[in-house]
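Structure assessment
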Amino acid sequence: GQQLNQSPQSMFIQEGEDVSMNCTSSSIFNTWLWYKQEPGEGPVLLIALYKAGELTSNGRLTAQFGITRKDSFLNISASIPSDVGIYFCAGQLGTGNQFYFGTGTSLTVIP
Amino acid sequence: GAVVSQHPSWVICKSGTSVKIECRSLDFQATTMFWYRQFPKQSLMLMATSNEGSKATYEQGVEKDKFLINHASLTLSTLTVTSAHPEDSSFYICSARGLDHPGNEQFFGPGTRLTVL
C-alpha cells in the first residue's frame, strides 16, 4: 500500500505555542483529510482538503493541500491542553475509495 | 450529523470463539463502510472495504474467511472474527461514507477493543 510519512513523530510543547506538522507521500493524492484520535477512541475528522493549494481553517486549526499534491500540512495555533492526542493525515489517490493513513503525530501539551 | 457507532466497545473472549462487532451509521446512509485495525501506538491499517449489498473487498494479507464482513443495509455493517486467537487482539475501528458526503470523507466509530485470552 501507499506509505504516508508524518513528521514529527511526536511533539512536546508548552501551552500557548503554535504547532506545525506535515504529511508526505511519493504519490499524488486528490483528497487529504486530517484526523485527531484520543486514547481508546476512534479518529475524529478535523479538516478535509480537495484542491492543490487549498488552505482551510477550523477554529485554531489550519490545513493546507500541498501544491505538488504529494503533501499536506496542519497547523494548530495557541495550543491548549485539550489538543493532546494523535493526529493522522489520510490521503486518497485519484481513483478508488480507499484512504491511506499516515504514521501519526503524537502531541503533548504541557500546561 | 455523520455519527457512527460501534458495539460492543470492549470485548474479551476465549481463544477459538467467534466475536461479532457491529458498525452503524446513525444519521446517514452509509454506501461504503471500512474496517480498520490498530495496534498500540500505530496507525490504522485498512482490512476491508464493504459496499452495501455486495461482497467486501479485502486488503492483501487479510483472511476473508477469518474476518467475515456483512454490509446488509445502508446503516449496518458487521465484522465477525472467527476462531479468534490472542494475536487477533487489537482495536477494531469502522468508518462510513455516504451519499451526503460528496467529498468522500470517512467518519469513524469509537472503536472496539478486542482481547482474546
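In what follows, the accompanying structure is described. (Residues numbered from 1 in each chain as written. Chains lettered and ligands numbered in written order. Predicted model: local features only at pLDDT ≥ 70, side-chain atom pairs only at ≥ 80, totals over all residues. Heavy atoms only, no water.)

**Some words on the environment of B:S18**
All names here are of chain B. Note the threshold: A run of DSSP states H or I qualifies as a helix once it reaches four residues; a run of E qualifies as a strand once it reaches two. Both are numbered from the N-terminal end. Accessibility here uses a 1.4 Å probe with only protein chains present; expressed as a share of the type maximum, an area under 20% marks a residue as buried, one over 50% as exposed, and anything in between as partly exposed. Whenever a nitrogen or oxygen atom comes within 3.5 Å of another N or O atom, the pair is scored as a polar contact, on the condition that within protein one atom can donate a hydrogen and the other can accept it, and that pairs from neighbouring residues in sequence are kept only if both atoms are in side chains.
Within the secondary structure, S18 sits in the loop between β2 (10-13) and β3 (19-25). Of the residues examined, S18 reaches a relative accessible area of 48% and is grouped as partly exposed. The spatial distance from the C-alpha of S18 to the C-alpha of F28 is 29 Å, given a sequence separation of 10 residues. A distance of 3.4 Å separates a polar side-chain atom of S18 from the backbone nitrogen of S83.

**Remarks on the nonpolar core**
Soluble globular proteins tend to bury their nonpolar side chains together. Note the cut-off: Think of a nonpolar core as a cluster: buried Ala, Val, Leu, Ile, Met, Phe, Trp, Tyr and Cys residues, connected wherever their side-chain atoms sit within 4.5 Å. It only takes one pair of heavy atoms within 4.5 Å for two residues to be counted as in contact.
Ranked by size, the top nonpolar core spans 25 residues in total, and within it B:V4, B:W35, B:L79, B:Y92 and B:L114 carry the most contacts. Of all the secondary-structure elements, those providing two or more residues to this core are β2, β3, β4 (30-38), β5 (44-51), β7 (67-73), β8 (76-81), β9 (90-98) and β11 (112-116) of chain B. For B:L114, the contacting residues outside a window of four places in its chain are B:V11, B:C13, B:V19, B:V81, B:D88, B:S89, B:S90 and B:Y92. Counting residues in each nonpolar core, the second largest holds 22 residues, with A:M11, A:I13, A:Y87 and A:V109 among its members.

**Brief notes about the sheet that holds strand β1 (residues 4-7) of chain B**
Residues and elements named next belong to chain B. To keep it simple, the criterion reads: Note: two strands are recorded as paired if DSSP finds a minimum of 2 bridges between them. Each axis is a line fitted through C-alpha atoms, taken for helices only over the stretch in contact, and angles between the N-to-C directions span 0 to 180 degrees.
In spatial order, the strands read β1-β3-β8-β7; together these 4 strands make up an open sheet with antiparallel pairing. Lying at the two open borders of the sheet, with one neighbouring strand each, are β1 and β7. Mean inter-strand twist for the sheet, computed between neighbouring axes without regard to direction, equals 15°.

**Brief notes about the pairing of β8(B)**
All names here are of chain B. Taken across its 6 residues, β8 has 5 buried, putting it largely inside the fold. Strand direction decides the pairing type here: β3 and β8, joined by 6 bridges, are antiparallel. Bridging from a neighbouring strand, K20 pairs with T80 of β8. With 5 bridges connecting them, β7 and β8 associate as antiparallel partners. Counterpart to N70 in the pairing with β8 is T78. In this antiparallel pair of consecutive strands, β7 and β8, the connection spans 2 residues.

**Focus: the side chain of B:S50**
Residues and elements named next belong to chain B. As for its position among the elements, S50 is in strand β5. Judged by its relative accessible area of 1%, S50 falls in the buried class. Here the side chain of S50 touches H71 through a polar contact of 3.0 Å, side chain to side chain. Excluding its chain neighbours within four sequence positions, the residues that come into contact with S50 are T31, T32, M33, A56, I69, H71 and S77.

**Description of the environment of A:V109**
Residues and elements named next belong to chain A. By secondary structure assignment, the location of V109 is in strand β11 (residues 105-110). Taking the relative accessible area as the measure of exposure, V109 reaches 6% and is therefore buried. Sequence separation of V109 and M11 is 98 residues, and the distance between their C-alpha atoms is 8.3 Å. What V109 contacts, discounting residues up to four positions off in sequence, is I13, Q14, E15, S79, I80, P81, D83 and V84.

**Digging into the interface of chain A and chain B**
As a reminder of what qualifies: By definition, the buried area sums, over both parts, the 1.4 Å-probe accessible area that each loses when the two are put together. Under the grouping applied here, Gly and all other residues not named as nonpolar or charged are polar, the nonpolar ones being Ala, Val, Leu, Ile, Met, Phe, Trp, Tyr, Cys and Pro and the charged ones Asp, Glu, Lys and Arg.
Between chain A and chain B, the residue contacts involve 19 residues of the former and 21 residues of the latter. Taking both partners together, chain A and chain B bury about 1,500 Å²; carbon and sulfur atoms supply 54% of that area. At the boundary of chain A and chain B, one finds 5 residue pairs in polar contact (both at pLDDT 80 or more). Broken down by secondary-structure element, the contributors of at least two residues to the side of chain A that touches chain B are β4 (31-37), β5 (44-49), β9 (85-92) and β10 (99-101) of chain A. Considering every element that reaches the side of chain A that touches chain B, the biggest residue donor is β4(A), with 4 residues. Tallied by class, the residues present in the side of chain A that touches chain B amount to 9 nonpolar, 9 polar and 1 charged.

**Remarks on the sheet that holds strand β8 (residues 71-76) of chain A**
Residue and element names in this part refer to chain A. Taken in spatial order, the 5 strands line up as β1-β3-β8-β7-β6 in an open sheet, and their pairing is antiparallel. At either end of the open sheet lies a strand with only one pairing partner, and these are β1 (4-7) and β6 (55-58). Neighbour to neighbour, the strand axes of the sheet diverge by 15° on average, direction disregarded.

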